[in-house]
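Coordinate analysis (summary)
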Amino acid sequence: MSLAFGILGPLQVLEDGRPLDLGTRKQQILLAALLCHANARVAFDDLVEALWDDAPPRTARKNVQVYVSSLRRVLGAGSECRISHRTGGYVLHSDAEELDALRFARLAGSGAATDALALWRGAALDGFRDIPLIDAAAQRLDRRFLGVFEDWMEAEIAAGSGATTIERATDIAQQHPFRERLRMLQMTALCQAGRRAEALAVYDELRRALAQELGLSPSPALTRFYDSLLHEPAPAARRETPRRGPATAPNLVPAAPPAFTGRTAATALLTDALAARGSRLAVVTGALGTGKTALAVHVAHRLGEYFPDGRFFVRLRGDDGRPRALEGVLRQLLAAVGRPEPPPGTDLRWAWQLWLGGRRALVVVDDARRESEVRPLLPEVGETAVLVTARHRLIGLDGAFRLCLSPLTVDEAVDFLGRVIGAERVMADPASAAQIVRAAGLLPLGIRLVADRLAFLRHVPLREYGARMTGTRPLLDELCGDDVAVRVRLAESIDDLPAAAYGAVLRLGVLPEPQFTLEQAAAALDRDPDTAVRVLENLMEASVLTVRHMDVDEEAGHTVRYEMPALTYAYARESAAAARVPVSRT
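If you're wondering where the values come from, they're calculated on a predicted model, not measured in any experiment. (Residues numbered from 1 in each chain as written. Predicted model: local features only at pLDDT ≥ 70, side-chain atom pairs only at ≥ 80, totals over all residues. Heavy atoms only, no water.)

In this section: the overall build of the protein. Along the protein, the regular secondary structure elements total 27 helices and 14 strands. Rg of the C-alpha trace for the protein: 27 Å, near the compact-globule value of 25 Å for 586 residues, within the 12% margin. With respect to the principal axes defined by its C-alpha atoms, the protein has extents near 80 × 80 × 50 Å. Here the protein holds 586 residues, and 49% of them are scored as buried. When the accessible surface of the protein is summed, it comes to about 27500 Å², and 51% of that surface belongs to carbon and sulfur atoms. When the 71 positive and 74 negative side-chain charges of the protein are each reduced to one mean point, those points stand 2 Å apart. (Helix = DSSP H or I, 4+ residues; strand = E, 2+ residues; numbered from the N terminus. Rg over C-alpha atoms; globule rule 2.2 N^0.38 Å. Buried < 20%, exposed > 50% of the residue type's maximum accessible area, 1.4 Å probe, protein only. Areas by Shrake-Rupley, 256 points an atom, 1.4 Å probe, with all protein chains shown as cover. Lys, Arg positive; Asp, Glu negative; His and termini not counted. Charge placed at Lys NZ, Arg CZ, Asp CG, Glu CD.)

Here it is as structure tokens:
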């Protein structure tokens, strides 16, 4: 028996090609909620809210169990493994051969856009969009579909086949009328087919809809494109199509991380700040290994239509971890925007500002340590936005939108692990997979190191590897082996601290656990609590520490628990042992 799950359109389950009767409406809601979060735990409380909104019956827990049992019967043999109970919720396990949404992601990621788009039978989970939990997932699927469709349409136009895309583009544009990139591609295809008047009508329709519904005007890129249709002799319009190649706006951002996982809320906040709210400066901070650069690159790739003059990426550190000279950074940016080599004696900052004036580009500035490294790159005029990644908060950069990254959730981390080593391997032992990602501190860097090791050690069961990570072998030895690159990065993050803060990190490294209270930290630092809290707050400013949570006691008040990220703690512990820092009295 083979099952095929479909959520890219109305919900369907086929057994050997024949549709199954999925039972009552509530049973179908439960199945839809599990399928649109396949291979991840859906919390019991979320399922209850999806099924009964704000008025669950007293028997809600029992009812959910009954629905799960009924679904298992519908799905047939082995369904207890298919829908498994995980603490606080349920997981529906599937792979890309069974679930169309997973197959769509795989095909789109491998460049088979035509095959991926053919999987769609209509609006994702049509008929269940009134359920917030399902609608949020369905909207994410819709956005993925639109991105893949637009990329496919762009390629068809570039190949001279734009006319064949018009009918489908028109249908999709009616469902997503404010999608400007889609509208621009639709107009370009119409021009390519010799239907220029219809292309102009598309713009007028969008302009009126934006004004009436949202109180907005079309983007500058779309307006310039419209003007070119009015004043130039036809398909010159194709020059303004938001393509990602150098024929229009350059995209010099590194390739998107292939296994980027989670960060849905962070991506939405950052995208909203730079696109919808027009922030000209955003700063993403967090500890080493939290995935700041990966998030910035991910977001930069999503924002092409908002920055018609290009997207750029510049690192402020060389391969050796040392700061790059400002002159070298500016020369890289000027070369990226196509400016000729300035003559000797030219003020490169002035040349950069001259290019920025009147343009709207996005510049990702990676791994800043100080405000002074960033300020010369910020636009004095124009609409260019700068997205900075940094471990320090850079509080001297006024007016910045700020986002601090925390570790991944356990579900996100397990998903990340599965994307690299294979979802089947993770699903075979989800408890051990969760143990492994927790031992790696739920940090993308740590999980990537774990995944690389496990991809090589395919013969090692997850349970055995989880025991290794929680055993006596130091964490960095287990993850890095003879590779010194990670230790170099960790050394940079600590060595760059002032001497007093560096010493404090080593002293905290002798604590038996990476989580500790103020009293434990004061004992390790050999300071009174008032002095110790200032030291800890300075380390928080440098993203070396975070506040894990607060324990509340009615008599004693609240107790703050601090945490050092797993990799930083492992390195601090190694360094403390090498420096023979005395063991804490705690």
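Having seen the structure, we can now continue with the description.
Let us now look at empty space enclosed by the protein. Under the defined criterion, the tally for this structure stands at 2 cavities of 30 Å³ or more. What lines the largest cavity is simply Ala287, Leu288, Arg391, Ser493, Ala542, Ser543, Val544 and Thr568. Classifying every residue of the lining of the largest cavity by side-chain character gives 4 nonpolar, 3 polar and 1 charged. Of the pockets and cavities examined, the second largest cavity occupies roughly 30 Å³. For the lining of the second largest cavity, a count of residues per class yields 1 nonpolar, 2 polar and 3 charged. (1 Å grid on protein atoms, 1.4 Å probe; cavity = no way out; pocket = protein on both sides within 12 Å on 5 of 7 lines; lining within 4 Å. Points joined across faces, edges and corners; volume = space filled by probe spheres on them. Nonpolar A, V, L, I, M, F, W, Y, C, P; charged D, E, K, R; others polar.)

Strand β10 (residues 385-390) sits mainly inside the fold: 6 of its 6 residues count as buried. Burial along β10 is two-sided: Ala385, Leu387 and Thr389 facing one way and Val386, Val388 and Ala390 facing the other are all buried. Across 5 bridges, strand β7 (residues 281-285) lies against β10 in parallel orientation. Bridging from a neighbouring strand, Leu281 pairs with Val386 of β10. Bridge analysis of strand β9 (residues 362-368) against β10 gives 5 bridges, and the strand direction is parallel. In the strand pairing of β10, Val363 is matched with Val386. (Pairing = 2+ DSSP bridges.)

Take Gln186: it is sitting in helix α9 (residues 180-192). For Gln186, a relative accessible area of 4% translates into the label buried. Of note is the side chain of Gln186, whose polar atom sits 3.3 Å from the side chain of Thr170. A polar side-chain atom of Gln186 sits 3.1 Å from a polar atom in the side chain of Arg183. Leave out the neighbours within four places in its chain, and Gln186 touches Met153, Thr170, Ala173 and Val202. (Polar contact = N/O pair within 3.5 Å; in protein donor to acceptor, adjacent residues only side chain to side chain. Contact = heavy atoms within 4.5 Å.)

Time to look at the nonpolar core. Nonpolar side chains in soluble globular proteins tend to be buried together. Counting 78 residues, the largest nonpolar core has Ile7, Phe149 and Met153 as the members making the most contacts within it. At 11 residues, helix α7 (residues 132-158) tops the list of elements feeding residues into this core. Setting aside anything within four residues of it in sequence, one finds Ile7 in contact with Leu35, Cys36, Leu99, Asp100, Ala101, Arg121, Ala124, Leu125 and Leu141. Counting 62 residues, the second largest nonpolar core, distinct from the first, contains Leu445, Leu479, Leu490 and Ala524. (Core = buried A, V, L, I, M, F, W, Y, C linked by side-chain atoms within 4.5 Å.)

All right, on to the pairing of strand β2 (residues 12-15) then. Two elements, strand β1 (residues 3-6) and β2, share 4 bridges in a ladder whose sense is antiparallel. From the neighbouring strand, Gly6 faces β2, where its bridge partner is Gln12. The loop that links β1 with its antiparallel partner β2 comprises 5 residues; one of these, Gly9, has a positive phi angle of about 140°. As defined by bridge partners, β2 adjoins strand β3 (residues 18-19) across 2 bridges and the pair is classed as antiparallel. Bridge assignment links Leu14 to a residue of β3, and that residue is Pro19.

In this structure, the second largest pocket spans a volume of roughly 980 Å³. Thr293, Ala294, Arg315, Asp366 and Arg489 are, among the 36 residues lining the second largest pocket, the residues nearest its centre. Put simply, the parts of the chain that give the lining of the second largest pocket at least two residues each are α13 (292-302), β9, β10, α20 (444-456) and α23 (485-495). Within the lining of the second largest pocket, the residues separate by chemical class into 16 nonpolar, 8 polar and 12 charged.

A surface patch of nonpolar side chains, about 270 Å² in accessible area, is lined by Phe178, Leu214 and Leu216. Here Leu216 shows up in the loop between α10 (196-214) and α11 (220-231). Note on Leu216: relative accessible area 48%, which makes it partly exposed. (Patch = residues over 30% accessible without salt bridge, like charges linked within 9 Å, V, L, I, M, F, W, Y side chains within 5 Å. Salt bridge = Lys/Arg side-chain N within 4 Å of Asp/Glu carboxyl O.)

The geometry of an aromatic ring pair comes down to the distance between the two centres and the angle between the two planes. If you walk through the whole model with that rule in mind, you get 9 aromatic pairs. Their ring planes at 10° and their centres at 5.7 Å tell us that Trp352 and Trp355 sit as a pair that is stacked. Of this pair, Trp352 and Trp355 both sit in helix α15 (residues 348-356), 3 residues apart, which is roughly one turn of the helix. Of the residues examined, Trp355 reaches a relative accessible area of 5% and is grouped as buried. Three or more aromatic residues joined by ring pairs form one cluster here, namely Phe104, Trp120, Phe145, Phe149 and Trp152. Positioned above the aromatic ring of Phe44 is the side chain of Arg61, whose terminal nitrogen or guanidinium carbon lies 4.1 Å from the ring centre. Arg360 extends its terminal NZ or CZ atom over the ring of Phe307, reaching a point 5.6 Å from the ring centre. (Phe/Tyr/Trp six-rings, centres within 6.5 Å; stacked < 30°, edge-to-face > 60°. Lys NZ or Arg CZ within 6 Å of the ring centre and 35° of its normal.)

Take α15 next. By the burial criterion, the buried members of α15 are Leu348, Ala351, Trp352, Gln353, Trp355 and Leu356. On its buried face, α15 is in contact with β8 (311-315), α14 (326-336) and β9.

Turning next to the packing of helix α12 (residues 264-276) against α13. Running from N to C, α12 and α13 point in directions that differ by 55°, and their axes come no closer than 10 Å. One element, α12, and the other, α13, form an angle in the oblique class. Every pair of crossing elements has a handedness; the one defined by α12 and α13 is right-handed. Along its contact with α12, which presents Ala266, Thr267, Leu270 and Thr271, the element α13 presents Leu295, His298, Val299 and Arg302. (Axes fitted to C-alpha atoms, helices over the stretch in contact; angles between N-to-C directions. Parallel < 35°, antiparallel > 145°, perpendicular 65-115°, else oblique. Left-handed = near helix turned anticlockwise from the far one by under 90°.)

A few words now on the sheet that holds β2. With respect to topology, 3 strands assemble into an open sheet ordered β1-β2-β3, the strand pairing being antiparallel. Of all strands in the sheet, those bounded by a partner on one side alone are β1 and β3.

As summarised here, the arrangement of the 5 strands in space is β8-β9-β10-β7-β11, forming an open sheet in which the pairing is parallel. Edge positions in the open sheet fall to β8 and β11 (401-404), since each of these has one partner strand only. Ignoring which end each strand starts from, the neighbouring axes of this sheet average 15° apart. Strand contacts of α12: β7, β9, β10 and β11, with the helix running at about 170° to β11, the strand carrying the most contacts. α14 contacts β8 and β9 of the sheet and is inclined by roughly 160° relative to β8.

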